[in-house]
Amino acid sequence: MRWAWSSRPLVEVIRLKRGFDLPAASRTPGTYPVVGSGGVSGWHGQWRVAGPGVTLGRAGASMGQATWVPGDFWPLNTALFVEDFLGNDPRFIYYLLSSMDFSGYDSGSSHPMLNRNYIASIPIALPSLPEQQAIAAILGSLDDTIAAHHRVAATAHALAGTGLELLLREAGAEVRTRSARLDAVACINQTRRAPDPGGRCRYLDITAISRGTITWPESMPWERAPSRARRGVRVGDILWSTVRPERRSHALVLDDDPSLVASTGLTVITPRALGPGYLYGILTTDWFVSYLSNAAEGSAYPVVPAERFDSAPIPLPPQ
(Lines give C-alpha, C1' and ligand atoms only; values in the text may rest on other atoms or scores of the structure.)
Protein backbone atom coordinates (compact mmCIF):
# COMPACT_ATOMS: atom_id res chain seq x y z
CA MET A 1 0.00 0.00 0.00
CA ARG A 2 1.31 3.41 -1.00
CA TRP A 3 0.78 4.95 2.48
CA ALA A 4 3.08 2.33 4.03
CA TRP A 5 6.11 3.40 2.00
CA SER A 6 8.94 4.94 4.02
CA SER A 7 10.59 8.27 3.24
CA ARG A 8 14.38 8.40 3.11
CA PRO A 9 17.01 10.66 1.55
CA LEU A 10 18.47 9.35 -1.70
CA VAL A 11 21.87 8.78 -0.06
CA GLU A 12 20.24 6.12 2.18
CA VAL A 13 18.64 4.37 -0.81
CA ILE A 14 21.65 4.08 -3.16
CA ARG A 15 25.27 5.14 -3.31
CA LEU A 16 26.40 6.83 -6.49
CA LYS A 17 29.92 7.07 -7.86
CA ARG A 18 31.45 8.82 -10.86
CA GLY A 19 32.39 6.65 -13.83
CA PHE A 20 35.84 6.05 -15.30
CA ASP A 21 37.73 7.66 -18.15
CA LEU A 22 38.09 5.55 -21.31
CA PRO A 23 39.31 7.38 -24.44
CA ALA A 24 38.17 5.90 -27.74
CA ALA A 25 41.80 5.12 -28.64
CA SER A 26 42.12 2.93 -25.54
CA ARG A 27 39.11 0.76 -26.28
CA THR A 28 39.53 -2.81 -27.51
CA PRO A 29 37.02 -4.95 -29.41
CA GLY A 30 34.61 -6.63 -27.05
CA THR A 31 31.06 -7.16 -25.90
CA TYR A 32 30.92 -5.04 -22.74
CA PRO A 33 28.84 -1.87 -23.13
CA VAL A 34 30.49 1.50 -22.54
CA VAL A 35 27.85 3.68 -20.88
CA GLY A 36 28.02 7.47 -20.92
CA SER A 37 25.66 10.27 -19.99
CA GLY A 38 23.15 9.40 -22.72
CA GLY A 39 23.35 5.61 -22.50
CA VAL A 40 25.43 3.01 -24.35
CA SER A 41 27.97 4.78 -26.56
CA GLY A 42 30.20 1.88 -27.59
CA TRP A 43 31.73 -1.46 -26.64
CA HIS A 44 34.95 -2.60 -24.97
CA GLY A 45 36.87 -5.76 -24.20
CA GLN A 46 36.88 -5.13 -20.44
CA TRP A 47 34.39 -4.11 -17.76
CA ARG A 48 34.72 -2.11 -14.55
CA VAL A 49 31.35 -2.66 -12.85
CA ALA A 50 29.50 -5.95 -12.41
CA GLY A 51 25.92 -5.92 -13.60
CA PRO A 52 23.08 -5.53 -13.42
CA GLY A 53 23.65 -1.83 -13.04
CA VAL A 54 22.12 1.61 -13.35
CA THR A 55 23.76 4.82 -14.52
CA LEU A 56 22.66 8.42 -14.31
CA GLY A 57 23.73 11.03 -16.86
CA ARG A 58 26.14 13.44 -15.18
CA ALA A 59 26.96 15.94 -17.92
CA GLY A 60 25.58 17.61 -21.02
CA ALA A 61 22.13 17.43 -22.57
CA SER A 62 21.50 13.97 -21.02
CA MET A 63 22.07 15.11 -17.43
CA GLY A 64 19.80 13.05 -15.17
CA GLN A 65 19.01 10.39 -17.79
CA ALA A 66 18.87 6.91 -16.24
CA THR A 67 20.12 3.84 -18.11
CA TRP A 68 19.51 0.19 -17.21
CA VAL A 69 22.44 -2.16 -17.90
CA PRO A 70 21.56 -5.85 -17.48
CA GLY A 71 25.16 -7.15 -17.51
CA ASP A 72 28.73 -6.13 -16.71
CA PHE A 73 29.71 -2.74 -18.14
CA TRP A 74 32.13 0.19 -18.18
CA PRO A 75 30.59 3.48 -16.95
CA LEU A 76 32.25 6.58 -18.40
CA ASN A 77 33.15 9.63 -16.36
CA THR A 78 30.26 11.51 -18.00
CA ALA A 79 27.90 9.36 -15.92
CA LEU A 80 27.28 8.40 -12.32
CA PHE A 81 26.68 4.71 -11.57
CA VAL A 82 25.06 2.99 -8.62
CA GLU A 83 27.97 1.61 -6.63
CA ASP A 84 25.74 0.09 -3.96
CA PHE A 85 21.97 -0.54 -4.12
CA LEU A 86 21.90 -0.90 -0.30
CA GLY A 87 19.65 -3.95 -0.49
CA ASN A 88 17.14 -2.45 -2.92
CA ASP A 89 16.03 -4.00 -6.23
CA PRO A 90 18.31 -2.72 -9.02
CA ARG A 91 15.67 -2.53 -11.72
CA PHE A 92 13.23 -0.77 -9.40
CA ILE A 93 15.98 1.78 -8.71
CA TYR A 94 16.30 2.29 -12.47
CA TYR A 95 12.58 3.07 -12.80
CA LEU A 96 12.73 5.26 -9.70
CA LEU A 97 15.59 7.37 -11.11
CA SER A 98 13.88 7.48 -14.52
CA SER A 99 10.82 9.07 -12.94
CA MET A 100 12.76 11.83 -11.16
CA ASP A 101 13.38 15.34 -12.49
CA PHE A 102 16.99 16.37 -11.87
CA SER A 103 16.86 19.57 -13.95
CA GLY A 104 16.82 21.73 -10.81
CA TYR A 105 20.09 20.22 -9.54
CA ASP A 106 22.37 21.53 -12.29
CA SER A 107 25.70 22.49 -10.70
CA GLY A 108 27.45 23.49 -13.94
CA SER A 109 28.15 27.02 -15.11
CA SER A 110 28.35 26.80 -18.91
CA HIS A 111 27.32 23.15 -19.40
CA PRO A 112 24.75 21.06 -17.48
CA MET A 113 26.41 19.08 -14.69
CA LEU A 114 24.93 16.78 -12.02
CA ASN A 115 26.81 16.61 -8.71
CA ARG A 116 25.93 13.57 -6.60
CA ASN A 117 26.37 15.61 -3.42
CA TYR A 118 23.62 18.00 -4.60
CA ILE A 119 21.06 15.21 -4.89
CA ALA A 120 22.02 13.18 -1.79
CA SER A 121 19.25 14.67 0.35
CA ILE A 122 16.37 14.31 -2.14
CA PRO A 123 13.49 12.61 -0.24
CA ILE A 124 12.52 9.23 -1.68
CA ALA A 125 9.29 7.34 -1.02
CA LEU A 126 10.50 3.75 -0.82
CA PRO A 127 8.32 0.61 -0.77
CA SER A 128 9.38 -2.69 0.76
CA LEU A 129 11.65 -5.00 -1.23
CA PRO A 130 8.81 -7.38 -2.29
CA GLU A 131 6.83 -4.38 -3.57
CA GLN A 132 9.92 -3.09 -5.41
CA GLN A 133 10.36 -6.45 -7.11
CA ALA A 134 6.68 -6.62 -8.09
CA ILE A 135 6.75 -3.12 -9.58
CA ALA A 136 10.02 -3.82 -11.43
CA ALA A 137 8.62 -7.09 -12.81
CA ILE A 138 5.55 -5.36 -14.28
CA LEU A 139 7.42 -2.39 -15.78
CA GLY A 140 10.25 -4.64 -16.94
CA SER A 141 7.81 -6.91 -18.74
CA LEU A 142 6.37 -3.90 -20.60
CA ASP A 143 9.84 -2.67 -21.56
CA ASP A 144 10.84 -6.15 -22.77
CA THR A 145 7.69 -6.33 -24.93
CA ILE A 146 8.42 -2.94 -26.49
CA ALA A 147 12.03 -3.96 -27.17
CA ALA A 148 10.81 -7.18 -28.81
CA HIS A 149 8.51 -5.21 -31.12
CA HIS A 150 11.44 -2.97 -32.11
CA ARG A 151 13.54 -6.04 -32.95
CA VAL A 152 10.74 -7.48 -35.06
CA ALA A 153 10.39 -4.18 -36.94
CA ALA A 154 14.14 -4.01 -37.56
CA THR A 155 14.19 -7.61 -38.81
CA ALA A 156 11.26 -6.95 -41.13
CA HIS A 157 13.05 -3.89 -42.53
CA ALA A 158 16.19 -5.95 -43.20
CA LEU A 159 14.19 -8.77 -44.79
CA ALA A 160 12.41 -6.28 -47.01
CA GLY A 161 15.72 -5.14 -48.46
CA THR A 162 16.87 -8.75 -48.94
CA GLY A 163 13.56 -9.65 -50.56
CA LEU A 164 13.89 -6.80 -53.07
CA GLU A 165 17.32 -8.04 -54.11
CA LEU A 166 15.98 -11.61 -54.49
CA LEU A 167 13.08 -10.38 -56.63
CA LEU A 168 15.48 -8.49 -58.90
CA ARG A 169 17.70 -11.54 -59.30
CA GLU A 170 14.71 -13.77 -60.04
CA ALA A 171 13.71 -11.28 -62.73
CA GLY A 172 17.12 -11.66 -64.33
CA ALA A 173 18.43 -8.27 -63.25
CA GLU A 174 22.00 -7.88 -62.06
CA VAL A 175 22.18 -5.91 -58.83
CA ARG A 176 25.22 -3.66 -58.78
CA THR A 177 25.65 -1.17 -55.99
CA ARG A 178 28.15 1.67 -56.25
CA SER A 179 28.85 4.30 -53.65
CA ALA A 180 29.35 8.04 -53.61
CA ARG A 181 30.05 10.75 -51.08
CA LEU A 182 26.95 12.31 -49.62
CA ASP A 183 27.96 15.76 -50.89
CA ALA A 184 27.98 14.33 -54.43
CA VAL A 185 24.29 13.41 -54.29
CA ALA A 186 22.98 16.10 -51.93
CA CYS A 187 23.67 19.66 -50.82
CA ILE A 188 24.76 20.02 -47.20
CA ASN A 189 23.77 23.22 -45.38
CA GLN A 190 23.35 25.15 -48.59
CA THR A 191 23.01 28.91 -48.31
CA ARG A 192 19.45 30.16 -48.65
CA ARG A 193 17.93 33.59 -48.33
CA ALA A 194 16.81 34.31 -44.79
CA PRO A 195 13.37 35.76 -44.13
CA ASP A 196 13.09 39.49 -44.78
CA PRO A 197 13.47 41.83 -41.79
CA GLY A 198 10.05 42.54 -40.38
CA GLY A 199 8.83 39.13 -41.52
CA ARG A 200 8.15 36.01 -39.46
CA CYS A 201 9.82 32.64 -39.16
CA ARG A 202 9.43 29.24 -37.53
CA TYR A 203 12.67 28.34 -35.75
CA LEU A 204 13.70 24.69 -35.50
CA ASP A 205 16.34 23.84 -32.90
CA ILE A 206 17.69 20.43 -31.92
CA THR A 207 14.98 19.95 -29.28
CA ALA A 208 12.31 20.15 -32.01
CA ILE A 209 13.66 17.07 -33.82
CA SER A 210 13.24 13.53 -32.56
CA ARG A 211 13.31 10.16 -34.31
CA GLY A 212 11.33 10.81 -37.49
CA THR A 213 9.28 13.58 -35.89
CA ILE A 214 9.24 17.37 -35.96
CA THR A 215 7.63 19.33 -33.15
CA TRP A 216 6.26 22.21 -35.20
CA PRO A 217 7.47 25.57 -33.82
CA GLU A 218 5.30 28.62 -33.32
CA SER A 219 5.69 31.51 -35.71
CA MET A 220 7.75 34.41 -34.35
CA PRO A 221 9.00 37.78 -35.60
CA TRP A 222 12.28 37.31 -37.45
CA GLU A 223 13.94 39.86 -35.14
CA ARG A 224 13.29 37.55 -32.16
CA ALA A 225 14.93 34.51 -33.75
CA PRO A 226 18.19 33.33 -32.09
CA SER A 227 21.50 34.07 -33.81
CA ARG A 228 21.80 30.33 -34.59
CA ALA A 229 18.75 30.53 -36.87
CA ARG A 230 20.73 30.56 -40.12
CA ARG A 231 19.63 27.63 -42.27
CA GLY A 232 16.56 27.79 -44.44
CA VAL A 233 14.52 24.60 -44.69
CA ARG A 234 12.36 23.42 -47.60
CA VAL A 235 10.08 20.46 -48.31
CA GLY A 236 12.13 17.33 -49.02
CA ASP A 237 15.05 18.39 -46.81
CA ILE A 238 16.47 15.92 -44.31
CA LEU A 239 17.37 17.23 -40.85
CA TRP A 240 19.97 15.56 -38.64
CA SER A 241 21.02 16.85 -35.21
CA THR A 242 24.81 17.18 -35.04
CA VAL A 243 24.69 16.62 -31.26
CA ARG A 244 24.72 13.07 -29.82
CA PRO A 245 23.89 11.19 -33.04
CA GLU A 246 23.18 7.98 -31.09
CA ARG A 247 19.91 9.62 -30.00
CA ARG A 248 18.76 9.48 -33.67
CA SER A 249 17.32 12.98 -33.83
CA HIS A 250 16.40 13.17 -37.52
CA ALA A 251 13.39 13.97 -39.67
CA LEU A 252 12.24 14.36 -43.27
CA VAL A 253 10.48 17.65 -43.97
CA LEU A 254 7.16 16.98 -45.73
CA ASP A 255 5.51 20.38 -45.25
CA ASP A 256 6.30 23.26 -47.59
CA ASP A 257 6.62 26.26 -45.29
CA PRO A 258 9.00 28.97 -46.55
CA SER A 259 9.25 30.48 -43.08
CA LEU A 260 11.06 27.43 -41.65
CA VAL A 261 14.62 28.14 -40.51
CA ALA A 262 16.93 25.70 -38.70
CA SER A 263 19.55 26.11 -36.01
CA THR A 264 23.21 25.61 -36.86
CA GLY A 265 22.96 22.63 -34.49
CA LEU A 266 21.04 20.85 -37.27
CA THR A 267 22.56 19.64 -40.52
CA VAL A 268 20.22 20.35 -43.44
CA ILE A 269 20.61 17.80 -46.25
CA THR A 270 18.92 18.62 -49.55
CA PRO A 271 18.68 15.62 -51.95
CA ARG A 272 20.01 16.42 -55.41
CA ALA A 273 20.74 13.23 -57.36
CA LEU A 274 18.54 10.91 -55.27
CA GLY A 275 14.93 10.98 -54.15
CA PRO A 276 14.31 12.23 -50.60
CA GLY A 277 12.57 9.01 -49.54
CA TYR A 278 15.46 6.77 -50.59
CA LEU A 279 18.11 9.08 -49.15
CA TYR A 280 16.26 9.46 -45.86
CA GLY A 281 16.03 5.66 -45.62
CA ILE A 282 19.80 5.38 -46.06
CA LEU A 283 20.57 8.21 -43.62
CA THR A 284 18.53 6.58 -40.83
CA THR A 285 19.98 3.07 -40.98
CA ASP A 286 21.92 1.62 -38.04
CA TRP A 287 25.04 1.76 -40.20
CA PHE A 288 24.76 5.51 -40.78
CA VAL A 289 24.02 6.18 -37.09
CA SER A 290 27.15 4.19 -36.20
CA TYR A 291 29.15 6.20 -38.76
CA LEU A 292 28.02 9.50 -37.20
CA SER A 293 28.64 8.23 -33.65
CA ASN A 294 32.21 7.32 -34.54
CA ALA A 295 32.70 10.67 -36.28
CA ALA A 296 31.46 12.72 -33.32
CA GLU A 297 34.05 14.79 -31.48
CA GLY A 298 34.04 15.52 -27.74
CA SER A 299 33.26 13.20 -24.83
CA ALA A 300 30.85 15.19 -22.70
CA TYR A 301 29.03 16.80 -25.63
CA PRO A 302 29.73 14.77 -28.82
CA VAL A 303 29.18 16.79 -32.00
CA VAL A 304 29.54 15.63 -35.63
CA PRO A 305 31.57 18.10 -37.75
CA ALA A 306 29.85 19.19 -40.97
CA GLU A 307 32.65 17.76 -43.13
CA ARG A 308 31.93 14.25 -41.82
CA PHE A 309 28.43 14.51 -43.29
CA ASP A 310 30.01 15.64 -46.59
CA SER A 311 32.27 12.60 -46.84
CA ALA A 312 29.77 9.94 -45.73
CA PRO A 313 29.66 7.07 -48.29
CA ILE A 314 26.17 6.49 -49.71
CA PRO A 315 25.22 3.25 -51.59
CA LEU A 316 23.92 3.81 -55.10
CA PRO A 317 21.94 0.90 -56.57
CA PRO A 318 20.59 1.11 -60.14
CA GLN A 319 17.96 3.79 -60.68
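Here, the structure is the one placed above.
In this report, the structure presented in the accompanying data block is examined. Just so we're clear, the structure is a prediction, and the values are computed from it rather than from any experiment.

### With respect to the sheet that holds strand 7 (residues 74-75)
Inference 1: Spatial strand order, 4-3-7: three strands in an open sheet with mixed pairing. Single-partner strands in this sheet number two, and they are strand 4 (39-44) and strand 7.

### Looking at helix 1 (residues 90-98)
Inference 1: With respect to burial, helix 1 is a largely interior element, seven of its nine residues being buried.
Inference 2: Of all the positions in helix 1, only R91, F92, I93, Y94, Y95, L96 and L97 are classed as buried.
Inference 3: The N-cap residue of helix 1 is D89: its side-chain oxygen and the backbone nitrogen of R91 are 3.2 Å apart.

### Some remarks on the side chain of N189
Inference 1: Take N189: it is sitting in the loop between strand 11 (186-188) and strand 12 (200-204).
Inference 2: Within the structure, N189 has its side chain in polar contact with the side chain of R231 (distance 3.4 Å).
Inference 3: Setting aside residues up to four positions removed in sequence, N189 forms contacts with R231, L266, T267, V268 and A306.

### Some details on the environment of I14
Inference 1: Looking at where I14 falls in the secondary structure, it is placed in the loop between strand 1 (6-9) and strand 2 (15-18).
Inference 2: C-alpha separation for the pair I14 and D84, spaced 70 residues apart in sequence, amounts to 5.8 Å.

### Section: a nonpolar patch on the surface
Inference 1: On the surface, a nonpolar cluster with roughly 270 Å² of combined accessible area is contributed by I138, L139 and L142.
Inference 2: Turning to its location among the elements, L139 is positioned in helix 3 (residues 129-170).
Inference 3: Classification of L139 by relative accessible area gives partly exposed; the value is 31%.

Thresholds applied
Residues numbered from 1 in each chain as written. Predicted model: local features only at pLDDT ≥ 70, side-chain atom pairs only at ≥ 80, totals over all residues. Heavy atoms only, no water. Pairing = 2+ DSSP bridges. Helix = DSSP H or I, 4+ residues; strand = E, 2+ residues; numbered from the N terminus. Buried < 20%, exposed > 50% of the residue type's maximum accessible area, 1.4 Å probe, protein only. Polar contact = N/O pair within 3.5 Å; in protein donor to acceptor, adjacent residues only side chain to side chain. Contact = heavy atoms within 4.5 Å. Patch = residues over 30% accessible without salt bridge, like charges linked within 9 Å, V, L, I, M, F, W, Y side chains within 5 Å. Areas by Shrake-Rupley, 256 points an atom, 1.4 Å probe, with all protein chains shown as cover. Salt bridge = Lys/Arg side-chain N within 4 Å of Asp/Glu carboxyl O.

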